[in-house]
Each structure stands twice: as structure tokens, then as C-alpha cells.
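So you can see what is in the structure, the chains are spelled out below.
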Amino acid sequence: MKNIVHLERENGSIFVVENGKRYTVDQTTVVVKLKAGIEKLGTDVKVLRSNKLGFHTLSVPEGVTVENYVFMLEKKGEFEVVEFNTFLDPCIVPNDTRRHEQWYLERINMFSAWDFTMGSPNSIVAIIDFGTDWGHPDLGNGTDGYSNVDHANGWNYDTNNNNVITTNPHGTKVTGVCGAKANNGRGIAGISGGNNAPGITIIPYVADVADHAAAAMYDAVGKGARIINLSFETASATSIISAIAYAKLNNAVVVAASGNANSSTVSFPASHADVIAVGAVNTVSQRWSESSSRGSNYGANLNVVAPGVDILSTTLYNDYILDTGTSLAAPQVTGLAALILSVRPDFTNIQVRNAIESTCVKLSGYTFATNPSYPNGTWNNQVGHGLINSYAAINSVAPKIGGPDVIGASCQGVYTAPTGLPSGSAYVRWEVEPGITLLTGSTSSSCTVQRTANVSDSVRSVVRYVFTYGGKTYSVGRGIIARIEPVFAGMREGPTSPLVLAARVGYPIYFEAGLPSNERPLVQEYHWELTAGGLVYHFDGELTTSSHTFMAPGTYPLRLRVRDGCGWSRWLDIYVEVM
């Protein structure tokens with residue numbers, strides 16, 4: 001089995017902690033690999049997916065905890081590997097009140113991607129659709145004093161004025177997925193919606209016929225749009241083909257929805273070779289297909305897929321709505337393209353496309369093969385290059401800030417100017433998110449940050465390097481963990497699991513604290529807190545080991561925290577089962 005340092009439980013969640021980092025456990029699945037010589041899995045397990053390397057993802061049975069299921073599988077003796085399935089540990093988790101309903105954000109690895117950037121106002125996106133309610137407080141108007149929608153530069157080609165608000169909610173949904181304000185304490189988080197500050201700049205257009213859409217594309221390119229979203233389908237039109245060629249010539253990325261007819265032919269304009277055609281997958285990452293005539297179009301011109309089922313977004317009348325379709329998958333790719341250009345404004349439209357396509361996740365259940373028409377990796381006609389992976393796409397091209405991943409007991413960390421910046425960039429300043437403070441950073445070469453004292457509620461942070469390129473300001477970030485992490489080393493007798501300790505009535509139990517070896521000398525004090533028999537026992541001091549004798553059976557909560565020069569760590573929760 002994987003060697004786990006220890007587990008933690010908090011507010012119903014379970015975490016694996018390794019090297020001072022905390023990773024959320026998926027409590028519905030575990031990952032296993034059979035021992036050599038064992039041919040197949042038993043019929044008593046439910047396999048969700050398998051890969052060519054021999055790893056199988058199993059569903060945790062109903063009524064069984066993930067810890068107990070791991071223990072049960074280990075006892076079978078059939079597996080070389082039994083391990084918890086952990087999510088990536090994001091450094092930015094927006095506080096938008098309905099973010100927990102946006103299941104698709106985690107599926108496309110959005111939280112880790114936001115460590116790099118949450119969007120720049122200098123990344124301009126055109127949404128060519130059927131109207132955008134820019135007055136929605138999660139898009140434009142609101143008490144926060146900023147807008148992600150530049151409605152003054154938009155245009156309604158149906159009424160020939162700049163009133164882009166219509167009674168059709170479609171464009172408002174598309175706009176919300178791409179650029180709803182993020183971390184602003186309300187509603188949802190758009191893919192490139194900023195960080196309680198302006199994200200990308202969205203120019204909305206209203207068009208209901210082909211020549212209007214083409215005219216909007218020409219206008220958008222003239223106003224600096226680097227990405228154009230087309231969440232519609234129509235008959236092949238020479239005017240739109242000409243506008244796509246114009247956008248390509250002017251280095252703009254064009255993204256379009258593949259269509260919703262469950263057809264093996266991608267709709268126009270997504271079918272055009274110079275457009276990123278986006279299909280939709282459902283909540284189990286399979287091509288969306290709910291009837292013979294309703295589902296994600298696929299076939300020879302499909303490039304990538306994104307979630308498109310039960311997508312929560314903004315709608316008319318300051319409201320939010322769940323909806324389904326490739327129209328809502330496309331703006332996720334549009335938002336990702338905008339994020340890439342927020343850290344690499346020097347990129348061409350081809351480089352943006354390459355980054356997105358070459359980093360896609362190859363979905364289980366589909367066979368991917370080399371196809372000379374698709375140079376960015378293997379391809380499948382149902383799901384294209386696969387499901388977009390926002391973190392992988394941005395990480396593959398973003399400038400990288402040098403420095404430690406964790407600011408632990410040393411309290412401070414030094415970070416160096418990123419490598420891979422666009423040629424001709426100039427340093428502006430360093431910035432940090434809450435959880436750390438900036439001590440020095442007046443030069444472009446490095447900065448020094450200090451962990452905030454008592455960071456129990458603010459353990460994730462970001463350090464950002466702000467630079468100029470082409471006369472405009474951009475930034476790139478690096479996610480870090482800012483905390484000292486107590487590690488439970490176990491009992492002298494040996495625990496039955498990392499979270500639950502076994503003890504016997506009338507016999508002393510010894511529990512021992514631990515830390516990474518480089519941090520242990522910096523700890524000034526340990527604090528154990530044990531609740532037993534209606535009393536709370538405190539064990540304080542410089543010793544790592546404490547003990548207690550229990551006089552009655554039961555389950556007793558035990559907590560540990562440590563203090564260094566910056567303050568106290570958060571509590572680590574452990575449980576003692578007394579028999």
C-alpha cells in the first residue's frame with residue numbers, strides 16, 4: 001500500500017498529508033493494482049475505470065467509509081497497491097456562494113489553474129450570441145464597483161445599437177460560464193472571472209443571422225479581441241468563413257460549440273479547420289448523449305470536449321440557472337484560452353490551441369490513436385483530443401516563479417523572478433495573497449515573504465509577479481502552502497489506522513508527534529488536547545510524546561497543534577478507540 005504519512009478529518013472531509021501538504025480524499029473511490037500472478041479482480045468489487053498500467057478505480061460500497069474499505073481491501077492480500085484517490089490541492093478556492101454547484105470546475109482542474117492567473121482585463125474575449133445581460137451583478141453592475149463586461153464596446157446587430165440586453169438568456173449563460181466574477185462572495189465563479197477584481201474583458205455582441213455574426217467578428221478583432229466564442233450553429237456561410245480567416249490572420253483564437261443534435265457531423269462554424277470545436281461530456285466524463293436527437297455532435301472535426309451537462313451559470317433577472325448543451329462547454333475553452341493569454345500575452349493563436357489540445361485528459365472508455373490531421377497528440381472521433389485540463393494547459397506554458405512550495409517552520413520564503421517570461425517583459429512588482437506578507441520585493445530578481453502568524457484559517461496562498469508586455473500589465477502566480485504542519489507519528493504500540501488509534505481499558509497509550517525533519521528543530525511547543533470522561537486534558541510543553549490511561553471503553557477525541565516562531569498551527573484531529 002501507498003505509504004501515507006497520516007490522514008486528517010475536518011468538517012466531513014478527509015485529507016492525506018504528505019510532506020506538509022494536505023490533499024482532499026475522494027471518499028467515493030479508491031485505487032488498486034493487483035499483485036503479480038493474480039489475473040483479475042473479484043466480482044465483489046465495482047470497477048469504475050481501469051488503465052493500461054494495471055490500475056483500477058473502485059467504487060466505495062454504500063454504507064462503508066473509505067478508510068474501512070481501504071483496510072478491507074488490504075486484508076484481502078490480492079493487491080500490490082491500495083491507496084486513497086486524492087484531488088489536487090488548490091491554492092485558490094473562490095468564495096462564490098454557489099461555487100459548490102459548479103461540479104465542472106473541479107473536473108477540468110480549474111482550481112489549481114487559478115494559482116497561475118484568474119484572468120487579465122487585457123485578455124479580451126468577444127461573445128457573439130443572442131444578447132448578454134451585463135446588468136447582472138455577477139457580470140457587470142454590482143456593489144463591488146467593477147465589471148467584466150465592456151457593454152459600451154458591444155453591439156446589437158439586430159437593432160443596430162449598443163443595447164446588448166435582450167429577452168433571450170442564452171448569451172448571459174455563455175458569458176457567465178466564461179467570465180462571471182470570481183471570489184466576489186456571490187453566485188458563481190467564471191473560468192476567467194478575476195479574483196475579487198476584474199478578470200478578462202468581455203465584449204458582447206447580438207447577432208441572429210450569419211452576416212451579423214460575421215460583422216461582429218470583424219468588429220471584435222478591430223477592438224482587440226484575442227478570443228471569439230461562437231456558441232451557435234448555422235448553415236455554412238461564406239461571410240463567416242471569411243471572418244474566421246480574418247480572425248486567424250489577426251492572431252485571434254476562435255472557439256465554437258460542436259452542436260446538440262447527437263450527430264456524427266460537427267456543426268458549422270465549429271467544423272471549420274481554423275476553429276476549436278468543443279463537444280460536451282456528462283457528469284461521468286462520457287460524451288453527452290441523452291436521446292437519438294439530443295447530445296453532443298462529434299466526428300472528424302471535433303477537437304476537444306468540456307463538461308456540458310447541468311452547468312450552473314448566470315441568467316436574466318439577476319438569477320442563476322442549470323442548463324445543458326455544447327453552448328456551455330465552449331465558453332470553458334474560451335475562458336481557458338483567455339487565461340493562457342493572461343500569462344503569455346505573446347502567444348499566437350496556434351500556440352494557445354496547441355497548449356489546450358496537447359494537455360487534454362484521455363477519457364476512459366474511448367480509444368485514442370494517432371491521426372495526422374490532429375498533431376497535438378492522440379485523438380478520438382467521439383471526444384477529440386479529450387477533456388480539457390486547465391491546470392496542465394497553463395502549467396505547460398506559463399512562466400515559472402522559483403521558490404519553495406511550502407513556507408513552514410522557517411516562517412519565510414524567497415521567490416525569484418519567473419523564467420519563461422515573454423521577450424521584452426519588464427518587472428513591475430511582487431504581490432501576495434492573504435496568508436503571507438511581503439517583506440522585500442523592490443527588485444525584479446527576488447522577493448521575500450513571511451508566513452502570517454497563526455495561519456490556521458489561511459493556509460493556502462499565492463505569490464504573484466507583475467510584469468508589463470507591449471505596454472500592458474499582466475501577472476503570473478505560484479501557489480504555495482503557508483503553514484507549519486503537525487504530523488502524527490503514531491503510538492509506540494502502532495496504530496490500526498492513521499486516524500483511529502486502538503487502546504485497552506486500564507493500559508496506558510502513548511501518542512507521539514512528528515514533523516518533517518527540517519522543521520522539527522524549529523518547533524517551540526507541542527499542545528495535546530484529550531477529551532475523556534467529561535474532562536479535557538491538556539499536555540503542553542516541549543516533549544513530542546504524551547500518554548494517557550483510559551478507564552472506560554469508547555471513542556475519545558484527541559487533538560494536536562504545534563507552535564513555532566510565527567505562531568500556532570491549526571489543530572490535527574485524531575480519535576482513540578478504547579476497547
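Residues numbered from 1 in each chain as written. Predicted model: local features only at pLDDT ≥ 70, side-chain atom pairs only at ≥ 80, totals over all residues. Heavy atoms only, no water.

**Q** Where do I start with the sheet that holds strand E20 (residues 400–402) in this structure?
**A** Strand pairing within a sheet occurs via backbone hydrogen bonds; the two strands may be parallel or antiparallel. Pairing is antiparallel across the open sheet formed by four strands, whose spatial order is E20-E22-E25-E24. The outermost strands of the open sheet, each flanked by one partner alone, are E20 and strand E24 (436–440). Between one strand and the next, the sheet's axes are offset by a mean angle of 40 degrees, whatever the strand orientation. Relative to strand E25 (residues 446–451), strand E22 (residues 412–419) runs antiparallel, the two being bridged by five bridges. Within E25, the position partnered with Thr416 by the bridge is Ser446. (Pairing = 2+ DSSP bridges. Helix = DSSP H or I, 4+ residues; strand = E, 2+ residues; numbered from the N terminus. Axes fitted to C-alpha atoms, helices over the stretch in contact; angles between N-to-C directions.)

**Q** Where do I start with the packing of aromatic side chains in this structure?
**A** The geometry of an aromatic ring pair is captured by two quantities: the separation of the ring centres and the angle between the planes. Going through the model one piece at a time under the given rule, you end up with 11 aromatic pairs. Ring centres of Phe111 and Trp114 lie 5.6 Å apart, and the angle between their planes is 80 degrees; this geometry places the pair in the edge-to-face category. Taken together through their ring pairs, the aromatic side chains of Tyr427, Trp430, Tyr465, Phe467 and Tyr474 make up a single cluster. When the ring centre of Tyr507 is taken as origin, the NZ or CZ atom of Arg504, which lies over that ring, is 4.6 Å away. (Phe/Tyr/Trp six-rings, centres within 6.5 Å; stacked < 30°, edge-to-face > 60°. Lys NZ or Arg CZ within 6 Å of the ring centre and 35° of its normal.)

**Q** Even after reading the chapter, I still don't get the side chain of Asn195, so can you show me in this structure?
**A** Mapped onto the fold, Asn195 is located in the loop between helix H4 (170–179) and strand E9 (201–206). Among the polar contacts listed, one links the side chain of Asn195 to the side chain of Asn183, at a separation of 2.6 Å. Among the polar contacts made by the side chain of Asn195, one reaches the side chain of Glu433 at a distance of 3.2 Å. (Polar contact = N/O pair within 3.5 Å; in protein donor to acceptor, adjacent residues only side chain to side chain.)

**Q** In this structure, what is going on with the nonpolar core? I would like to understand it.
**A** When a protein is soluble and globular, its nonpolar side chains tend to lie buried together. Within the largest apolar cluster, 106 residues are counted, with the highest numbers of intra-cluster contacts made by Ile128 and Ile340. Per element, the largest residue contribution to this core is 11 residues, and it comes from helix H7 (residues 326–343). Leave out the neighbours within four places in its chain, and Ile340 touches Phe347, Val352, Ala355, Ile356, Ala393, Ile394 and Val397. (Core = buried A, V, L, I, M, F, W, Y, C linked by side-chain atoms within 4.5 Å. Buried < 20%, exposed > 50% of the residue type's maximum accessible area, 1.4 Å probe, protein only. Contact = heavy atoms within 4.5 Å.)

**Q** Which parts of the structure should I look at to understand the pattern of salt bridges?
**A** Any two side chains of opposite charge can pair, given that their charged atoms come close. For the coordinates displayed, the defined rule picks out 13 salt bridges. Across the pair Lys173 and Asp323 runs a salt bridge whose closest N-O atoms are separated by 2.6 Å. One end of the pair, Lys173, is in helix H4; the other, Asp323, is in strand E17 (residues 319–323), with 150 residues separating them in the sequence. Residue Glu529 is joined to Arg559 by a salt bridge in which the shortest nitrogen-to-oxygen separation is 3.0 Å. Note that Glu529 is positioned in strand E31 (residues 525–532) and Arg559 in strand E34 (residues 554–564), a separation of 30 residues in sequence. Its relative accessible area of 16% is what places Glu529 among the buried residues. (Salt bridge = Lys/Arg side-chain N within 4 Å of Asp/Glu carboxyl O.)

**Q** Honestly, the sheet that holds strand E23 (residues 426–432) in this entry has me stumped. Any pointers?
**A** Pairing is mixed in the open sheet, where four strands are placed in the order E21-E27-E26-E23. Of all strands in the sheet, those bounded by a partner on one side alone are strand E21 (406–407) and E23. Relative to strand E26 (residues 460–469), E23 runs antiparallel, the two being bridged by six bridges. Within E26, the position partnered with Arg429 by the bridge is Val466. Against the sheet, H7 contacts E26 and strand E27 (472–482), and its axis sits at roughly 100 degrees relative to E27.

**Q** How should unusual backbone geometry be read in this particular structure?
**A** What you tend to see is this: most non-glycine residues have negative phi, and most peptide bonds are trans. Here Phe268 and Pro269 are connected by a cis peptide whose omega angle stands at 10 degrees. Secondary-structure assignment places Pro269 in the loop between strand E11 (253–257) and strand E12 (276–281). Although it is not a glycine, Asn160 adopts a positive phi angle of roughly 60 degrees. Here Asn160 shows up in the loop between strand E8 (155–156) and H4. Overall, the relative accessible area of 56% leaves Asn160 in the exposed class.

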